[in-house]
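# Examination of the molecular architecture
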Amino acid sequence: MNILIIVENLRVGGAQRVALDEAYEFARRGIDVEIISLEINPNYGNSDLDVLERKIVLKHDLKVTRARSSGKIESFLTISNSLNRKNASVDIVSHSLRGTVITRLLKLTQKNIRRNIVFLHQMPSFASKRQQILRLIYSQFADSIFIFSEQARLDWHHKYRLYARFLKKPLVLRNGVYIERLKQPRKSPAFRRDEEVRLIFLGRLVNWKGAKQVIKLLSFSEAANWKLLLITPRSEEHTSELQ
């Protein structure tokens, strides 16, 4: 059995974390698995997740292939070359909508693609109108669509309800965790309602990351003693959008 996992990049992020964890588990079970990263950014080369977790990657003899550039043609060639190197049938697990479209096109000529699966990592309501339309269209190129929670599935159904009868619908498959990377959890201290609560938001200040929802929490009376710490890259565009 062969599995090819496609990601946009391997920078530190939620989708990348899920993709690597599932690759580790596939490899641990003796499945031939390869990760393809479609995007190259030299500024992130030394902080990509597979570099930070090099020991785990080496332990499982995990193959990671990076496209030589970030263009669409190079992405197509990188995925095609990987498929040509595999003798058995291949299941594609894509965390990239671009990768999903490319895989569908390759399936017209590549006979060893068995299934083309896509994982959606964002709720439609958090995306811009343009992104909502693009994600809807691109996801339909997959054989199966999975989304990370029941709430996200309901959000998808509500956002695209007018076209529901014509669409492939996402199924819920919750994000897994690679157990071997986790340490024994420590007992949490007891929490009192009168204690100060500190929320930490780590990420870009874009709408679909949910920053507005986190800030809105502070308006509730129950949050009178809460404080919020924003840790985010400096960006005038993102800051003005949030304001």
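Here, every reference points to the structure presented above.
In what follows, the accompanying structure is described. (Residues numbered from 1 in each chain as written. Predicted model: local features only at pLDDT ≥ 70, side-chain atom pairs only at ≥ 80, totals over all residues. Heavy atoms only, no water.)

### Here we look at the overall build of the protein
When its secondary structure is counted, the protein shows nine helices and nine strands. For the protein, with 243 residues in total, the buried portion stands at 40%. In the protein, the proportion of contacts linking residues at least 24 apart, taken out of those at least 6 apart, comes to 76%. (Helix = DSSP H or I, 4+ residues; strand = E, 2+ residues; numbered from the N terminus. Buried < 20%, exposed > 50% of the residue type's maximum accessible area, 1.4 Å probe, protein only. Contact = heavy atoms within 4.5 Å.)

### Comments concerning empty space enclosed by the protein
For the structure on display, the rule yields one cavity of 30 Å³ or more. The calculated volume of the largest cavity comes to roughly 50 Å³. The wall of the largest cavity is formed by Trp156, His157, Tyr160, Arg161, Ala164, Leu167, Lys168 and Lys169. For the lining of the largest cavity, the residue count by class is four nonpolar, one polar and three charged. (1 Å grid on protein atoms, 1.4 Å probe; cavity = no way out; pocket = protein on both sides within 12 Å on 5 of 7 lines; lining within 4 Å. Points joined across faces, edges and corners; volume = space filled by probe spheres on them. Nonpolar A, V, L, I, M, F, W, Y, C, P; charged D, E, K, R; others polar.)

### Quick notes on the nonpolar core
In terms of nonpolar packing, the biggest core is built from 21 residues, with Ile5, Leu20, Tyr24, Val33, Ile35 and Leu62 touching the most fellow members. Elements that contribute at least two residues to this core include exactly strand 1 (2-7), helix 1 (14-28), strand 2 (32-37), helix 3 (54-59) and strand 5 (113-120). With five residues, helix 1 is the largest single contributor of residues to this core. If you look at the next biggest cluster of nonpolar residues, it comprises 12 residues, including Met123, Ala152, Tyr160 and Leu167. (Core = buried A, V, L, I, M, F, W, Y, C linked by side-chain atoms within 4.5 Å.)

### Notes on the packing of helix 4 (residues 72-84) against helix 5 (residues 97-106)
Two elements in contact, helix 4 and helix 5, have axes whose closest approach is 10 Å; the angle formed by their N-to-C orientations is 55°. Taken together, helix 4 and helix 5 sit at an angle that is classed as oblique. In terms of crossing hand, the pair formed by helix 4 and helix 5 is right-handed. Residues Lys72, Ser75, Phe76, Ile79, Ser80 and Leu83 of helix 4 pack against Arg98, Gly99, Ile102, Leu105 and Leu106 of helix 5. (Axes fitted to C-alpha atoms, helices over the stretch in contact; angles between N-to-C directions. Parallel < 35°, antiparallel > 145°, perpendicular 65-115°, else oblique. Left-handed = near helix turned anticlockwise from the far one by under 90°.)

### A word on the side chain of Thr100
Among the structural elements, Thr100 can be located in helix 5. A relative accessible area of 0% means that Thr100 is categorised as buried. Once residues within four sequence positions are removed from consideration, Thr100 is found in contact with Ser94, Asn116, Val118, Tyr138, Phe141 and Ala142.

Treat this as a map of the structure, not an account of what it does.
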